[in-house]
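# A structural walkthrough
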Amino acid sequence: MPFKTKEELENHIQELKREPVTAQILVCGGLGCLAKGADAVYKRFQELIEKNQLSATVKKTADNHQPSLKETGCMGLCEAGPLVRIEPKGILYLRVKPEDVDRIVEETLKNNQVVDDLVYQEETNQEIRKWPLMKDVPFYRKQMKIVLRNCGSIDPEKLDDYLAHDGYLAFAKVVTTMSPDDVIGEILKSGLRGRGGGGFPTGRKWQFARLSKSERKFIVCNGDEGDPGAFMDRSVMEGDPHTVIEGMAIAGYAFGAQEGYIYVRAEYPLAVKRLKKAITDARKAGLIGKNLFGTSFSFDLTIKEGAGAFVCGEETALLASIEGKRGMPNPRPPFPANKGLWGYPTVINNVETLANVPYIILKGADWFRSFGTVTSPGTKTFALSGKIRNTGLAEVPMGISLRELIFDVGGGIQNNRKFKAVQIGGPSGGCLTEQHLDLTVDYDSLCAAGAIMGSGGLVTMDEDTCIVELARYFLNFTQNESCGKCVPCREGTKHMLNILQKIVDGRANGEDLDLLIETAEVVRDASLCGLGKTAPNPVLTTLRYFKDEYLDHVYNHVCVAHVCNAMKEYRIDPEKCRACGKCARVCPVKCISGRPKVPYIIDQEACIKCGSCFEACPFDAVLVEWRSKNHES
Amino acid sequence: MEMENQELTLSRQFEKVNAILEKHDRNESHLISILQEIQADYRYLPEEILTYVATALGVSPAYVYGVATFYAQFSLKPKGKHMIRVCDGTACHVKGSINVLKTVKEQLGLKENEETTPDLLFTVETVACIGACALAPAMMIDEEVYGMLNEEKTREIIEGLIEENKGGMVHAIQD
């Protein structure tokens with residue numbers, strides 16, 4: 001190092017691959033596992049390896065290039081963390097506690113036995129099946145890892161570990177053997193579409209920027225993953241930062257950018273730290289910098305940290321933010337590919353899009369097209385969360401059905417409750433129902449149903465989620481994040497939120513519903529950028545698929561999910577009331593009346609459902625009742 | 001005497017700001033990074049420093065103020081020594097993040113519309129998503145993530161935090 005030619009890099013990789021590895025212990029260091037105590041597990045392994053003098057099997061290689069005990073990025077099954085994997089066998093242990101480590105070392109590393117009670121258990125028809133190997137675990141069975149190929153297998157802070165998985169080979173290949181047009185041609189042929197949500201063909205974007213004549217061009221990686229309920233990009237940046245860098249370098253070569261920016265959310269400090277280290281390491285190794293692999297191509301990168309603004313995920317707003325301005329979007333055209341950062345041609349690609357690029361170059365467009373559908377080739381990562389059993393990170397081929405994704409990969413609904421809805425695409429996406437479960441997951445079919453692919457947040461809901469309150473939640477989010485530049489979004493979202501609040505509070509009437517739809521349509525059609533254009537999606541899809549719930553809230557004051565407080569009724573049980581008057585004293589609106597020895601009464605019209613009386617009553621005489629559809633009064 | 005002290009503090013503050021400005025070559029396009037570093041030092045953006053930064057970069061104070069108020073990360077009011085960020089992302093929301101927020105505020109004796117404790121030890125905020133959806137509901141205390149919260153667990157964590165910081169304000173002033 002530094003690598004001066006492609007051959008030097010290839011030789012180094014060959015050498016790394018030759019090293020004998022007797023056993024590798026991979027401890028998941030993803031956020032989920034860390035929060036569940038993965039650090040203590042890692043430390044215990046370290047201690048035991050030293051104490052037990054496993055040096056013959058484990059410690060020997062630890063000092064070499066391929067460490068045998070390592071902390072990796074996210075392995076995906078966050079729900080069952082901390083996860084530990086033993087390679088090369090591929091055994092996966094779940095919910096590992098520091099005290100389990102002794103047994104793993106003793107039984108698995110020394111005696112080649114599986115520790116039975118730490119492996120995945122699948123309950124089917126009164127039968128319990130155990131799956132010791134990671135590839136057999138139901139969560140992983142239908143997955144296909146391209147973007148996450150290294151995530152959970154390599155130590156993200158070690159360049160050599162990335163190199164050992166053919167790291168930077170794709171970049172060396174394009175720089176030394178392919179013309180920029182060849183590269184764009186290959187990406188076009190692969191059919192790769194932007195994974196940030198829009199689904200624009202990546203190759204076309206590069207082509208536009210290549211055709212723009214300019215002495216400076218930029219490639220920007222959009223790591224401003226602001227969708228609540230999404231953490232795919234975070235996992236890639238934290239678990240495999242070099243892939244992102246390599247993808248950007250290839251893009252830069254393809255359309256002639258020598259400078260790149262990675263824009264990362266402020267809320268992701270670990271991603272920033274890992275990317276910074278990766279950039280420094282890559283620079284030292286001559287993988288980015290001046291005259292790469294003995295050619296005239298130079299490429300370097302800077303990290304920009306966001307400062308907390310959802311709208312900065314929109315590409316023109318993101319560029320404004322990099323320039324140090326308020327992150328407000330600008331009308332397009334001019335498109336960034338013609339006039340972007342400081343007026344120079346700029347391509348903005350999402351983290352996941354870029355992570356696909358090195359593998360497409362290495363394996364070829366045809367290979368890539370063998371996954372997914374004709375119009376949406378490849379895979380998509382999803383962050384599974386909400387009331388789903390296997391919360392975590394999954395990557396599946398496009399074209400999989402929602403049912404497979406939620407019930408096979410995701411394991412169905414927690415506590416065997418009933419599936420109600422799934423929200424795809426965050427605040428810009430839509431809510432889909434039972435009837436959509438057989439939809440295939442690709443850009444076009446989701447769009448047709450009123451949702452969007454989005455960046456990949458998939459929040460599953462059961463009967464305990466109130467759909468109307470959820471729509472209010474999303475509107476509250478987009479309203480807060482509206483930058484205020486254009487009127488339809490700034491004012492429209494405000495009015496929509498007001499109406500939704502009225503519905504949730506039980507103050508709305510039928511006209512409000514019509515007004516809500518009308519306002520939503522205006523906001524959708526007239527807003528300047530994607531934030532406003534898509535903000536009505538959660539409202540419009542829920543109005544389409546869950547109209548009854550809206551009507552229940554408005555006309556019957558009923559919330560079937562028992563979430564909206566205004567749909568509750570507090571009553572005093574005359575049998576239990578001792579007429580002590582405590583409830584009347586704490587009532588902030590003075591709607592409880594009574595006199596000594598006579599049970600007190602709550603005036604339902606005036607009650608604001610604060611629950612103070614419920615908490616104050618020493619005799620449990622205050623009852624809470626949820627209104628139901630055939631409720632009198 | 002008090003005046004002198006104040007002036008002394010101010011000039012010392014500007015010294016730090018100058019170092020940050022130098023580091024960024026007084027480059028206007030680094031404004032966000034500059035403000036981030038200033039805030040990391042002072043825990044908020046004092047108004048006189050914003051004006052100073054504007055002059056140093058050759059832009060109007062309104063421009064700097066505009067940027068400082070646009071981004072959620074920046075605060076023009078002093079923040080507590082410890083930041084408690086309760087996640088209210090979708091996954092956390094459907095799993096009851098509002099109750100977590102309520103519990104945290106109760107424990108710290110904050111009213112619904114208050115964010116920072118009077119002793120400037122703790123600030124409580126909600127954030128849109130910290131990307132810990134698999135651990136919902138979650139919160140972040142400074143850089144540490146706590147997941148799968150319920151009322152009891154939240155209470156324990158906050159109690160522990162308060163315990164750790166007993167007499168902490170003396171310490172905070174000395175920093």
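The name recorded for chain B in an unreviewed UniProt entry is NADP-reducing hydrogenase subunit HndA, from Atribacter laminatus. UniProt's Sequence similarities (unreviewed entry) comment on chain B is quoted here verbatim: "Belongs to the complex I 24 kDa subunit family."

## Observations concerning the overall build of chain B
Counting its secondary structure elements, chain B contains eight helices and four strands. Traced from its N-terminal end to its C-terminal end, chain B shows the element sequence α-α-α-α-β-α-α-β-β-β-α-α. Among the 175 residues that make up chain B, the fraction classed as buried is 35%. Long-range contacts, defined as pairs at least 24 residues apart, comprise 63% of the intrachain contacts of chain B with a sequence gap of at least 6.

## Observations regarding helix α17 (residues 402–409) of chain A
Residue and element names in this part refer to chain A. Among all positions in α17, only Leu-402, Leu-405, Ile-406 and Val-409 are buried. Buried residues in α17, looked at end-on, bunch into an arc of 115°, giving them a common side. The secondary structure elements touched by the buried residues of α17 are α6 (138–141), β11 (379–386), β12 (392–397), β13 (419–424), β14 (430–433) and β15 (457–462). Gly-411, located one to two residues past α17, shows a positive phi value of around 80°.

## Side note on the environment of Lys277(A)
Residues and elements named next belong to chain A. One can find Lys-277 in helix α13 (residues 269–284). With 15 C-beta atoms packed within 10 Å, Lys-277 lands in the partly exposed category. For the pair Lys-277 and Asp-100, spaced 177 residues apart in sequence, the C-alpha separation works out to 32 Å.

## A look at the sheet that holds strand β9 (residues 300–305) of chain A
All names here are of chain A. Ordered in space as β9-β8-β7-β10, the four strands form an open sheet in which the pairing is parallel. Each end of this open sheet is capped by a strand with a single partner; those strands are β9 and β10 (346–350). When strand polarity is set aside, the average angle formed by the axes of neighbouring strands in this sheet is 20°. Where strand β8 (residues 259–264) meets β9, six bridges bridge the pair, whose relative direction is parallel. Of the residues in β9, the one forming a bridge with Glu-259 is Asp-300. Sheet contacts for helix α15 (residues 351–363): β7 (218–223) and β10; angle to β10, the most-contacted strand, approximately 90°.

## Description of the UniProt feature "binding site: [2Fe-2S] cluster" (unreviewed entry) in chain B
Using the residue numbers shown here, the UniProt feature "binding site: [2Fe-2S] cluster" (unreviewed entry) corresponds to Cys87(B), Cys92(B), Cys129(B) and Cys133(B). Across 47 residues, the annotated set stays spatially compact, with a maximum C-alpha separation of 9.0 Å. Those residues in contact with Cys129(B), other than ones at most four positions away along the chain, are Asp227(A), Pro228(A), Gly229(A), Cys87(B) and Gly89(B). Tracing the backbone shows Cys133(B) in the loop between β2 (122–127) and β3 (139–141). With residues near it in sequence (within four places) discarded, Cys133(B) still touches Gly229(A), Phe231(A), Ala383(A), Ser385(A), Gly89(B) and Ala91(B).

## Section: the domain arrangement of chain A
For chain A, the domain assignment lists domain 1 (19–137), domain 2 (159–368), domain 3 (379–462), domain 4 (467–556) and domain 5 (568–626). Distance between the C-alpha centres of domain 3 of chain A and domain 5 of chain A: 44 Å.

## What about the UniProt feature "transmembrane region" (unreviewed entry) in chain B?
On the UniProt side, "transmembrane region" (unreviewed entry) is annotated at positions that read residues 49–72 of chain B here. End C-alpha to end C-alpha, residues 49–72 of chain B measures 18 Å, and it is 79% helix and 0% strand.

## Observations regarding the sheet that holds strand β2 (residues 69–72) of chain A
Residue and element names in this part refer to chain A. With mixed pairing, four strands are arranged side by side in an open sheet as β2-β1-β3-β4. Here the strands that pair on one side only, and so sit at the sheet edges, are β2 and β4 (91–93). On average, each strand axis in the sheet is inclined to that of its neighbour by 20°, with strand direction left out of account. Note: strand β1 (residues 24–28) against β2, four bridges, orientation parallel. Its bridge partner lying in β2, Val-27 is registered against Glu-71. With respect to the sheet, helix α3 (residues 38–51) is in contact with β1, β2 and β3 (84–87), its orientation differing from that of β1 by roughly 160°.

## Describing the pairing of β8(A)
Residues and elements named next belong to chain A. The buried count for β8 comes to five of six residues, which makes it a mostly enclosed element. Two elements, β7 and β8, share six bridges in a ladder whose sense is parallel. Counted as the bridge partner of Cys-221 is Ile-262 from β8. On the question of chirality, the crossover connecting β8 to the parallel β9 by way of α13 is right-handed.

## Some remarks on unusual backbone geometry
Here the bond from Glu87(A) into Pro88(A) is cis, since omega is 5°, no more than 30 degrees from zero. Checked against the element boundaries, Pro88(A) lands in the loop between β3 and β4. A cis geometry characterises the amide bond from Arg332(A) onward to Pro333(A), with omega recorded as -5°. Within the secondary structure, Pro333(A) sits in the loop between α14 (315–322) and β10. You will see that Tyr168(A), though not glycine, has its phi angle at about 65°, which is positive. As for its placement among the helices and strands, Tyr168(A) is situated in the loop between α7 (159–163) and α8 (169–177). According to the C-beta neighbour criterion, Tyr168(A) is buried, with 30 such atoms within 10 Å. The phi angle at Asp142(B) is positive, at roughly 55°, despite the residue not being glycine. Mapped onto the elements of the fold, Asp142(B) is located in the loop between β3 and β4 (144–146). With 11 C-beta atoms counted inside 10 Å, the residue Asp142(B) sits in the exposed group.

About the cut-offs
- Residues numbered from 1 in each chain as written.
- Chains lettered and ligands numbered in written order.
- Predicted model: local features only at pLDDT ≥ 70, side-chain atom pairs only at ≥ 80, totals over all residues.
- UniProt positions renumbered as here; feature names shortened; annotations may be inferred.
- Helix = DSSP H or I, 4+ residues; strand = E, 2+ residues; numbered from the N terminus.
- Buried ≥ 20, exposed ≤ 12 C-beta atoms within 10 Å, placed from the backbone.
- Contact = placed C-beta atoms within 7 Å.
- Arc of directions from axis to C-beta.
- Pairing = 2+ DSSP bridges.
- Axes fitted to C-alpha atoms, helices over the stretch in contact; angles between N-to-C directions.
- Domains from an automatic or database assignment.
- Right-handed = clockwise from strand over helix to strand, strands pointing away.

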